[in-house]
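# Structure assessment
These are the residues of each chain, in order.
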Amino acid sequence: MTECCINPSILSADFVNLEAELKRISNADAVHVDVMDNHFVPNLTLGLPVVERIQAVSPVPLDAHLMIADADRWAPAYADAGVASVTFHAEAAMAPIKLARELRARGAKAGMALRPATPVEPYLDMLSELDMLLIMTVEPGFGGQSFLDVTLPKIRRARAAIDGSGIGVAIQVDGGVTEETIVRAAEAGANVFVAGSAVYGHADPAAAIERLRAAGLAAM
Ligand SMILES: O=C(CO)[C@@H](O)[C@H](O)COP(=O)(O)O
Ligand SMILES: [Fe+2]
């Protein structure tokens, strides 16, 4: 595997200057947009109207991470808005296969996320319905948390299942990704890396992206 994608999270950006903040990460593979509803997670960020504006000005495709209850009802609208990749949480979807198919039918890549304590095994048979599996490496809700190494065996099991079945599903990790932890996540089998503080916490976010990419690629 040679692909190593770095998707900065704008949760760590300056929300008053989002257009300028997006220009600072134009060498990223996508911009990760964290949508939180204060129900599925204890935090509130932004919703569809703001995502539509980000979509209009972003130099890179959007990777929407929906941390919202009732994903079956709300997620398709993000695909209709032209978001390239829409990720819902398995714990928030009544019918994840139907929802993944709806997202794809609307032209988006379908992603499904698992909280750190949610096992991957119940979902192995539906991986072919997905373009991306997001394994959360922190409890969703906030940026700036520490990477949970306890999730590494789950990443390894997901990678083994994906490689064993020959399906082309990306494995994304999100939370606490740094130049140090990206090495362990990449060795375990992840290939798409979300980084908020480790990108926007630096004076030169574009240079931070290049360092993360180099560290991830070297570990694959
Ligand atoms: O979804 C989330 C948090 O719930 C993430 O996307 C964070 O925004 C990542 O931030 P860092 O841990 O990289 O600072
Ligand atoms: Fe996220």
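Residues numbered from 1 in each chain as written. Chains lettered and ligands numbered in written order. Predicted model: local features only at pLDDT ≥ 70, side-chain atom pairs only at ≥ 80, totals over all residues. Heavy atoms only, no water.

Labelled according to an unreviewed UniProt entry, the protein chain appears under the name Ribulose-phosphate 3-epimerase, originating from Arthrobacter ramosus. Here is the UniProt Function (unreviewed entry) comment for the protein chain, exactly as written: "Catalyzes the reversible epimerization of D-ribulose 5-phosphate to D-xylulose 5-phosphate." (UniProt positions renumbered as here; feature names shortened; annotations may be inferred.)

## Some words on the coordination of the iron ion (ligand 2)
Protein-derived coordination of the iron ion (ligand 2) comes from His32 (NE2), Asp34 (OD), His65 (ND1) and Asp174 (OD), at a distance range of 2.1 to 2.3 Å. Considering all six donor atoms around the iron ion (ligand 2), the spread of angles at the metal, 73 to 175°, places the coordination shape in the octahedral class. Mapped onto the sequence, the residues coordinating the iron ion (ligand 2) show the spacing H-x1-D-x30-H-x108-D. With Asp34 in strand β2 (residues 31-36) and His65 in strand β3 (residues 62-67), this pair connects stretches of sequence that are 31 residues apart. Judged by its relative accessible area of 6%, Asp34 is buried. Its relative accessible area of 0% is what places His65 among the buried residues. (Donors = N, O, S within 2.8 Å, 3.2 Å for Na, K, Ca; no water. Tetrahedral: all angles 85-135°; square planar, octahedral: opposite > 155°, others 65-115°. Helix = DSSP H or I, 4+ residues; strand = E, 2+ residues; numbered from the N terminus. Buried < 20%, exposed > 50% of the residue type's maximum accessible area, 1.4 Å probe, protein only.)

## So, the packing of helix α6 (residues 181-188) against helix α8 (residues 205-219)
At a closest axis distance of 8 Å, the pairing of α6 and α8 adopts a crossing angle of 35°. Crossing angle aside, the handedness with which α6 passes α8 is right-handed. Where α6 abuts α8, its residues Ile182, Val183, Ala186 and Glu187 lie against Leu212, Ala215, Gly216 and Ala219. Its residues assigned to classes, the contact of α6 with α8 shows six nonpolar, one polar and one charged. (Axes fitted to C-alpha atoms, helices over the stretch in contact; angles between N-to-C directions. Left-handed = near helix turned anticlockwise from the far one by under 90°. Contact = heavy atoms within 4.5 Å. Nonpolar A, V, L, I, M, F, W, Y, C, P; charged D, E, K, R; others polar.)

## A closer look at the site of ligand 1
Around ligand 1, 20 residues are found, and the nearest of them are Asp34, Gly141, Asp174, Gly196 and Ser197. Between ligand 1 and Gly141 there is a distance of 2.7 Å, counted from an oxygen atom to a backbone nitrogen or oxygen. At 2.7 Å, a side-chain N or O of Asp174 approaches an oxygen atom of ligand 1. When the free accessible area of ligand 1 is taken as 380 Å², the share hidden by the protein chains comes to 99%. Of all the secondary-structure elements, those providing two or more residues to the shell around ligand 1 are β2, β3 and β8 (192-195). Top contributing element to the shell around ligand 1 by residue count: β2, with three residues. Grouping the amino acids of the shell around ligand 1 by side-chain chemistry returns eight nonpolar, ten polar and two charged. (Near = heavy atom within 4 Å. Polar contact = N/O pair within 3.5 Å; in protein donor to acceptor, adjacent residues only side chain to side chain. Areas by Shrake-Rupley, 256 points an atom, 1.4 Å probe, with all protein chains shown as cover.)

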